[in-house]
Every structure is written in structure tokens, then in C-alpha cells.
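Chain residues, written in single-letter form:
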Amino acid sequence: HFVEILHFFYKYAVRILSIAEEPANAVKDQDVAQGSLLLGSLEATALGDLPDLLSAYNAKYPNVSLSLQVDLNDFFQEKVLRRTLDGAFMVSPVSHPSLIEIPFKKDRLIFVGSNSSSPSSPDELLRTARLITFPDGSAFRHRLELLLASQEIPYYDRLIVINSLGAMISNISAGLGYGYLPVNVVSRYIQRGLMREYPVESSFSELNISFVYRRDHMNDAAFRYFLQMVRGMGDTEKQ
């Protein structure tokens with residue numbers, strides 16, 4: 001009986017120690033980056049700036065499953081609000097009380113065309129040239145339309161709509177028309193002689209890309225560490 005009593009108290013002591021450790025283990029688990037992150041991004045940002053960020057994050061936190069959804073800018077706010085995305089890289093500002101945005105990258109839109117194109121002036125480009133752009137919902141298309149509308153230039157009959165950035169660049173390089181695209185994307189093609197910039201003064205060219213997420217998003221380790229890396233890249237951009 002004495003041995004049985006000792007055994008009972010031993011199991012009881014082990015159980016008490018186990019219960020005492022549970023809160024500490026729960027806190028410890030909160031610092032383990034795991035689970036999944038579902039992100040959204042403009043195609044231009046996904047091609048230009050995100051590969052380095054996502055590769056660095058994956059190397060540091062390999063237990064997190066990353067998914068990236070590419071879409072037009074205007075669709076992301078609703079997806080983040082509905083929680084179908086954890087967050088999205090999109091053009092700011094975003095004015096909604098439930099959303100927070102972290103500055104990520106600055107960019108600038110420029111007009112580009114093929115090397116064989118030769119408009120006599122910026123005014124001719126804006127008034128007569130074929131303009132290649134994205135479908136409705138694109139921040140780049142919106143800026144192009146603001147520029148043309150500010151000068152009361154009709155344009156609908158000259159728009160060529162393409163929903164793929166890669167296809168757009170190929171067609172611009174081939175001389176189909178001109179595009180209004182971010183410098184970070186087209187600079188490599190300009191340097192390789194596949195297209196050239198056509199200077200046009202514009203007050204609508206500046207772009208600020210931010211990472212946007214819900215104010216009440218669950219602050220688990222995977223998401224918290226991702227925000228830290230986004231802020232880190234944003235700080236580097238400011239320097």
C-alpha cells in the first residue's frame with residue numbers, strides 16, 4: 001500500500017508540473033512562425049520588389065506556407081477587409097478605418113515605347129498614339145486616365161487593354177503602342193535596348209506602395225515577423 005501511495009503522489013506531482021508548464025509552452029508557441037500567409041500584390045511589385053522579401057522570409061521561417069495572389073490594385077482592399085487575404089501590397093493611400101498600411105516602396109510611372117517609335121512631341125504621344133494599359137481596377141490605368149483627363153484629351157478609342165504585364169511589355173517593345181509603367185519594372189528593358197522612355201511631364205506619376213492589412217489581424221508569429229521584414233525593407237527604401 002505504501003508503494004501505491006507513493007506512485008499516486010508521483011503521478012499527481014507530474015500532472016501538477018505539466019499544468020504549470022502549459023502557459024509557458026503556450027507563450028513559447030506564439031513565438032514559433034508556422035502556419036500560412038496569404039498575400040496579395042500588384043503584378044509589377046510581385047515581379048520587381050517582392051522576390052527578395054519573400055525569399056528572405058522563407059529562408060528564415062521555412063515552416064510558414066506562403067501564397068501570393070496577383071491582381072489589380074482596386075480589388076485588394078475588399079479582399080483584405082473580407083479576410084480572404086492576410087494583407088496586400090498596393091498603391092497608397094488607402095482610406096479605411098479598419099486598415100493599416102506600412103510604407104514599402106516608392107516608384108514612378110513613365111511612358112515607354114519601342115526604340116523604333118518616334119512621336120514628334122509629348123503632346124503628340126498623349127493625343128494621337130495608341131496607349132497600352134491594364135483593365136479597369138488598375139492603379140496605373142487610373143493615373144493614365146487622370147493625366148489625360150487633366151488635359152481634356154479623349155483617349156478611349158486609342159486604348160489597347162492587356163491584363164498581363166509580361167504581354168504588355170512584349171507588345172510595347174514590338175511597337176504596338178506606349179505604356180505608362182513603373183520605372184522599377186521597365187528600367188531593365190530600357191537598359192537592354194528593348195524599349196525607351198518618352199518624357200512626359202505629369203503630376204500623377206509618383207507611386208507609393210504600401211503593405212495593407214486589417215487593424216484587428218491576429219498577431220501570430222508568422223504575421224508579426226513578416227511585418228518586421230516589410231518595415232525593414234521600407235526603412236531601407238527611405239535611406
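Definitions and limits used
All residue numbers refer to position in the chain's written sequence, counted from 1. Confidence filtering applies because this is a predicted model: local features only for residues at pLDDT of at least 70, side-chain atom pairs given and counted only at 80 or more, and all residues used for totals across whole chains, interfaces and linings. Only hydrogens and water are set aside; all other atoms, that is, all heavy atoms of the structure, feed into the side-chain values. Strands are runs of DSSP state E lasting at least 2 residues, helices are runs of H or I lasting at least 4, and numbering of each runs from the N terminus. Any residue under 20% of the maximum accessible area for its type is buried, any over 50% is exposed, and the rest in between are partly exposed; the area is computed with a 1.4 Å probe on protein chains only. Following DSSP output, two strands are said to pair if at least two bridges run between them. pLDDT runs from 0 to 100 and stands for how confident the predictor is about each residue. By definition in these notes, contact holds between two residues if any of their heavy atoms fall within 4.5 Å. The positive count covers Lys and Arg only, the negative count covers Asp and Glu only, and His and the chain ends enter neither. Salt bridges are defined as contacts in which a side-chain nitrogen from Lys or Arg sits within 4 Å of a carboxyl oxygen from Asp or Glu. Think of a nonpolar core as a cluster: buried Ala, Val, Leu, Ile, Met, Phe, Trp, Tyr and Cys residues, connected wherever their side-chain atoms sit within 4.5 Å. The arc in question is the one traced by the directions running from the helix axis out to the C-beta atoms. Within 3.5 Å is the distance limit for a polar contact, defined as a pair of N or O atoms, with the added protein rule that one can donate a hydrogen and the other accept it, and that residues adjacent in sequence qualify only through two side-chain atoms. Centres within 6.5 Å make a pair out of two Phe, Tyr or Trp rings, where for Trp the six-membered ring is used; the pair is then stacked when the planes are under 30 degrees apart, edge-to-face when over 60, and tilted otherwise.

## Observations concerning the overall build of the protein
Alright, step 1. A tally of helices and strands in the protein yields 9 helices and 9 strands.
Alright, step 2. Scored against the burial criterion, the 239 residues of the protein give a buried share of 40%.

## Describing the pairing of strand 9 (residues 206–214)
Alright, step 1. Most of strand 9 sits inside the fold, with 7 of its 9 residues counted as buried.
Alright, step 2. Taken together, the 4 bridges between strand 3 (residues 87–91) and strand 9 define a ladder with antiparallel strand orientation. Residue pairing across strands places A88 opposite V212, the latter belonging to strand 9.

## Brief notes about the confidence of the model for the protein
Alright, step 1. On average, residues of the protein score 88 in pLDDT, and 85% of them are at 70 or above.
Alright, step 2. Ranking the helices and strands of the protein by mean pLDDT puts strand 6 (residues 159–161) first, with 98, and helix 1 (residues 2–30) last, with 50.
Alright, step 3. Confidence drops under a pLDDT of 50 for residues 22–28, and excluding neighbours within four residues, the segment shows 1 contact in the predicted structure.

## A few points about the environment of G48
Alright, step 1. For G48, the position within the fold is in helix 2 (residues 43–48).
Alright, step 2. Judged by its relative accessible area of 30%, G48 falls in the partly exposed class.
Alright, step 3. Counting along the chain gives 136 residues from G48 to N184, while the straight-line C-alpha distance between them is 6.4 Å.

## As for unusual backbone geometry
For residues other than glycine, phi is negative in most cases, and the peptide bonds are mostly trans.
Alright, step 1. Here the bond from S92 into P93 is cis, since omega is 10 degrees, no more than 30 degrees from zero.
Alright, step 2. Considering the arrangement of structural elements, one finds P93 in the loop between strand 3 and strand 4 (99–113).
Alright, step 3. Within the chain, R83 stands out as a residue other than glycine whose phi angle is a positive 70 degrees.
Alright, step 4. Take R83: it is sitting in the loop between helix 4 (76–81) and strand 3.

## A closer look at the side chain of D107
Alright, step 1. Mapped onto the fold, D107 is located in strand 4.
Alright, step 2. Among buried Asp, Glu, Lys and Arg side chains, D107 stands out as unpaired, with R108 the closest opposite charge at 6.6 Å.
Alright, step 3. Ignoring anything within four residues of it in the chain, the contact list for D107 reads P182, V183, N184, S205, E206 and L207.

## So, the nonpolar core
Alright, step 1. Core analysis: the largest hydrophobic core is formed by 67 residues, its most contacted members being F89, F111, F140, L181, F211 and F226.
Alright, step 2. Excluding its chain neighbours within four sequence positions, the residues that come into contact with F211 are L39, G87, A88, F89, I100, E101, I102, F104, F223, F226, L227 and V230.

## Thoughts on helix 7 (residues 165–173)
Alright, step 1. Buried residues of helix 7: L165, M168, I169 and I172, and no others. An end-on view of helix 7 places all buried positions within 95 degrees of arc, on one side of the element.
Alright, step 2. Along its buried surface, helix 7 packs onto helix 2, strand 4, strand 5 (131–133), strand 7 (178–182) and helix 8 (183–191).
Alright, step 3. Here helix 7 starts with a cap whose side-chain oxygen sits 3.4 Å from the backbone nitrogen of G166, and that cap is S164.
Alright, step 4. The first or second residue beyond helix 7 is G175, which carries a positive phi of 95 degrees.

## A few points about the packing of aromatic side chains
Alright, step 1. Under the counting rule described, the total for this entry stands at 14 aromatic pairs.
Alright, step 2. For the pair Y57 and Y61, a centre-to-centre distance of 5.0 Å together with 50 degrees between the ring planes defines the contact as tilted. The same class applies to Y57 and to Y61, which are both buried.
Alright, step 3. Through successive ring pairs, a cluster of aromatic residues spans Y57, Y61, F89, F104, F211, Y213, F223, Y225 and F226.

## Observations regarding the side chain of D49
Alright, step 1. Structurally, D49 is set in the loop between helix 2 and helix 3 (50–60).
Alright, step 2. Buried and without a salt bridge, D49 has K105 as its closest oppositely charged side chain, separated by 4.4 Å.
Alright, step 3. What D49 contacts, discounting residues up to four positions off in sequence, is F104, K105, N184 and M233.

## Comments concerning the pairing of strand 7
Alright, step 1. Counting buried residues along strand 7, 5 of its 5 residues qualify, which places the element largely inside the surrounding structure.
Alright, step 2. Pairing of strand 4 with strand 7, which is carried by 4 bridges, proceeds in the antiparallel orientation. Pairing of F111 across the sheet is with Y180, part of strand 7.
Alright, step 3. Summarising the sheet, strand 5 and strand 7 pair through 2 bridges and their orientation is parallel.

## Some remarks on the pattern of salt bridges
Alright, step 1. Scanning the entire structure with this criterion turns up 7 salt bridges.
Alright, step 2. Among the ionic pairs, D71 bridges to K79, the shortest N-O distance being 2.8 Å.
Alright, step 3. We classify K79 as partly exposed; its relative accessible area is 22%.
Alright, step 4. Taking the shortest distance from any N to any O, the salt bridge between R83 and D216 comes out at 2.9 Å. With R83 in the loop between helix 4 and strand 3 and D216 in the loop between strand 9 and helix 9 (221–238), the pair connects residues that are 133 residues apart, well separated along the chain.
Alright, step 5. Residue classification places D216 among the partly exposed positions, given a relative accessible area of 43%.
Alright, step 6. One network of salt bridges, in which partners are shared, links R83, R214 and D216.

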